[in-house]
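Residue-level listing of the chains:
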Amino acid sequence: GFFRQMSPTFEIVEPVCQHRDISAHNILVDDRGGGELDFTVIDFGLAVDTNHWRQEWRRSNLGGDVRYWAPVHWFQFFYGYKYIESAN
């Protein structure tokens, strides 16, 4: 369903922007009947330019729902990106 329908769209959009907040509350589902569902991704409020994001993702622009942040994001939030780089 969802991945089969949305993967071609993400492939087209990926060179331009990164959504950064794909979650259940940002997906609209339209039941077309007969078991056929149509999906739409909404809320591009945290989207960033792909080229900029690839260069800056380790140092800035933390985003998304903090309930789903990985531990490394919390360390970056509290201590900064240099703390993460020094741990490597």
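Above this text is the structure in question.
**Q** Where do I start with the pairing of strand E3 (residues 36-41) in this structure?
**A** Note on strand geometry: in a regular strand, side chains alternate between the two faces of the sheet. Pairing analysis gives six bridges linking strand E2 (residues 27-33) to E3, with the strands arranged antiparallel. The partner of aspartate 30 across the bridge, within E3, is aspartate 38. If you look at the hairpin formed by E2 and E3, you'll find two residues sitting between the two strands, and glycine 34 has a positive phi there, around 65 degrees.

**Q** Help me out: how do you make sense of the pattern of salt bridges in this one?
**A** Oppositely charged side chains can form a pair if their charged atoms are brought close together. Evaluation of the coordinates by the stated rule reveals two salt bridges. Between aspartate 30 and arginine 32 there is a salt bridge; the shortest N-O distance is 3.9 Å. Classification of aspartate 30 as partly exposed rests on a relative accessible area of 39%. Classification of arginine 32 as exposed rests on a relative accessible area of 52%. Ionic contacts of the salt-bridge type, sharing partners, join the residues Asp30, Arg32 and Asp38 into one network.

Definitions and cut-offs
The written sequence of each chain sets the order in which its residues are numbered from 1. This being a predicted model, a pLDDT of at least 70 is required before a residue's local features are given, and a value of 80 or more before pairs of side-chain atoms are given or counted; all residues contribute to the totals for chains, interfaces and linings. Computation of side-chain values covers all heavy atoms of the structure but excludes hydrogens and water. For two strands to count as paired, DSSP must find a minimum of two bridges between them. Helix numbering and strand numbering both begin at the N terminus, where a helix is a DSSP run of H or I of at least 4 residues and a strand a DSSP run of E of at least 2. Salt bridges, as used here, are contacts in which a Lys or Arg side-chain nitrogen is within 4 Å of a carboxyl oxygen on Asp or Glu. When a residue's accessible area, from a 1.4 Å probe over protein chains only, is under 20% of the maximum for its type it is buried; when over 50% it is exposed; and in between it is partly exposed.

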